[in-house]
Amino acid sequence: MTNTIEARSTTGTAPQDRHGIRGVIARHPLGSFFTLALGLSWLAWVPYILSPHGMGVWDIHFAEVLGSAQFTGVLPGALLGPLGGAFIVTAVADGRPGLRRWVGRLFRWRVAWYWYALALVVVPALIIVSALPFAGGDVHAPTALVFAAVVPGLVIQLFSTGLSEEPGWRDFALPRLQHRFGGLGAAAILGPVWALWHMPLYLSDWGGWPDAHWSEPVVFALFTITFNVLMVQVFNKTGESLPLALLLHVGVNNTISTFFPTMYPSMTAGTLMIGLTIMSTITAVVLLIATRGHLGYDPARRALPIDAPIPSAEPLVGSQHGTR
C-alpha cells in the first residue's frame, strides 16, 4: 500500500476548513508535534542548562527532590514537550474523539502476562548482564536494600519519566508514523527524534557535564535508536498498550539507578551505555530480520482510516480497542 494520508474521516474538523495556527496544526499534526515536543522542552531546559547544574552561566538554583535537582529542573520541560505537545496537537487536530483514543491507550493494561515478564524481568536482566564484560571484575551481589528499592523506584519513574514521554512518542507519534510509513519507516524516524530530544541535557549534570566524553551522547543516541525498535515491536504486539510501553521504557532507567551503583560501583555512565547499546543493537537487528521490517504492524492497516479499530490480537486479554 502507498497511502500516505492521515485519514480522520470521523474525527474533528476537516483541516482545510481551518485557518491560522490551528489550520497548520490540523494539516501537519506530526510536524507540529515534533516541533512542540523538542521546542517546548528545550526552551524549558535553558535555565537548568545555564545554572550551576549545567554550564554555570546563571546563578539559578533548583530545589532538590530525593537528592536530585532534575525533578525540578528537567521534569517540567519533559512534561511540557512530548506530553504537552501531544495533548495540544490531538485536541486541535482530532478533537474530543481523538483525545479519548489518546487517553484510552493508557488503560490498555490487560495483556498476556509474558509481556509484563518481558518488561519487568527479562529486559532488566539483560541490562544487568550487558554490563558484565565491561566491569573489569568489580562486580558485587545486589543487597536486600536494592531489591526493596525496585518497586518504589519504578513507581517514581512511571509518574515522572514514563508519563512525561510515552504519551507523546508512542501514544501520539508512533501510530501516525506507522500509518504513513509502516513499522520500519516509523522506527527510522521516531528513534533519531527521540534521541535528539535528549541531546541538550548533555550540557547539564543529567548527561555528566562537564566531565562526559564527547562520544557519550553518540553512544546514547545509538542506544535510543536501537531500543526504540523493541519499543515499536512491543507496542504493536500488545495492541498499542501504553502501560507496557511505559514499563519497558522506565524499566531501563530503574534498573540502572537501583542495581548499578551497588553491583558495578566503579563503572562510569559512558561504559555502561556501551554494553546497553551492544545489547539493544543485537535485539533490533534480530527483530528487523524476524519481522521483515514490519515490527508487528500490519501494512494493510495503512489503507484504513487512522482511527479505525485495532483488530484483535492473540496476546491481548480484554484490552479495549477503538475509541475508549
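Higher on the page you've got the structure.
In what follows, the accompanying structure is described. (Residues numbered from 1 in each chain as written. Predicted model: local features only at pLDDT ≥ 70, side-chain atom pairs only at ≥ 80, totals over all residues. Heavy atoms only, no water.)

Considerations on the nonpolar core
Counting 72 residues, the largest nonpolar core has Phe33, Phe34, Trp169, Phe227 and Phe260 as the members making the most contacts within it. The set of elements that each furnish at least two residues to this core consists of α2 (29–50), α4 (75–104), α5 (113–131), α6 (144–198), α7 (215–237), α8 (242–263) and α9 (269–290). A total of 13 residues in this core trace back to one element, the largest contributor, which is α6. For Phe34, the contacting residues outside a window of four places in its chain are Trp169, Ala173, Leu177, Ile189, Leu190 and Val193. (Core = buried A, V, L, I, M, F, W, Y, C linked by side-chain atoms within 4.5 Å. Buried < 20%, exposed > 50% of the residue type's maximum accessible area, 1.4 Å probe, protein only. Helix = DSSP H or I, 4+ residues; strand = E, 2+ residues; numbered from the N terminus. Contact = heavy atoms within 4.5 Å.)

Considerations on α5
Look at α5: 27 Å from first C-alpha to last across 19 residues, which is about the 27 Å you get at 1.5 Å a residue. Along its length, α5 shows its largest kink, about 35 degrees, at Ala119. Tucked into the core, α5 has its buried residues touching α7, α8 and α9. (Expected span 1.5 Å × (residues − 1). Bend = angle between axes of the 7 residues up to and from the residue.)

Observations regarding empty space enclosed by the protein
A full pass over the atoms with the stated rule returns 2 cavities of 30 Å³ or more. The space that makes up the second largest cavity amounts to roughly 100 Å³. Together, Thr90, Asp94, Gly98, Arg101, Trp102, Arg105, Pro175, Arg176, Ile306 and Asp307 line the second largest cavity. Mapped by element, the contributors of at least two residues to the lining of the second largest cavity are α4 and α6. Considering every element that reaches the lining of the second largest cavity, the biggest residue donor is α4, with 5 residues. For the lining of the second largest cavity, the per-class residue count stands at 3 nonpolar, 2 polar and 5 charged. (1 Å grid on protein atoms, 1.4 Å probe; cavity = no way out; pocket = protein on both sides within 12 Å on 5 of 7 lines; lining within 4 Å. Points joined across faces, edges and corners; volume = space filled by probe spheres on them. Nonpolar A, V, L, I, M, F, W, Y, C, P; charged D, E, K, R; others polar.)

Description of the packing of aromatic side chains
The geometry of an aromatic ring pair is captured by two quantities: the separation of the ring centres and the angle between the planes. What the rule picks out here adds up to 15 aromatic pairs. Both rings, one in Tyr48 and one in Phe62, keep their centres 5.2 Å apart while their planes meet at 65 degrees; by these two values the pair is edge-to-face. With Tyr48 in helix α2 and Phe62 in the loop between α2 and α3 (70–73), the pair connects residues that are 14 residues apart, well separated along the chain. Here Tyr48 matches Phe62 in class, with each residue buried. With a centroid separation of 5.4 Å and 20 degrees between ring planes, the pair formed by Phe223 and Phe227 is classed as stacked. Remark: Phe227 and Phe223 occur in helix α7; sequence separation between them is 4 residues, near one turn of the helix. Each member of the pair, Phe223 as well as Phe227, carries the same accessibility label: buried. Put simply, the rings of Phe33, Phe34, Trp45, Trp169, Phe172 and Trp197 pair up and form one aromatic cluster. Above the ring of Trp194, the side-chain terminus of Arg170 is found at 4.2 Å from the ring centroid. (Phe/Tyr/Trp six-rings, centres within 6.5 Å; stacked < 30°, edge-to-face > 60°. Lys NZ or Arg CZ within 6 Å of the ring centre and 35° of its normal.)

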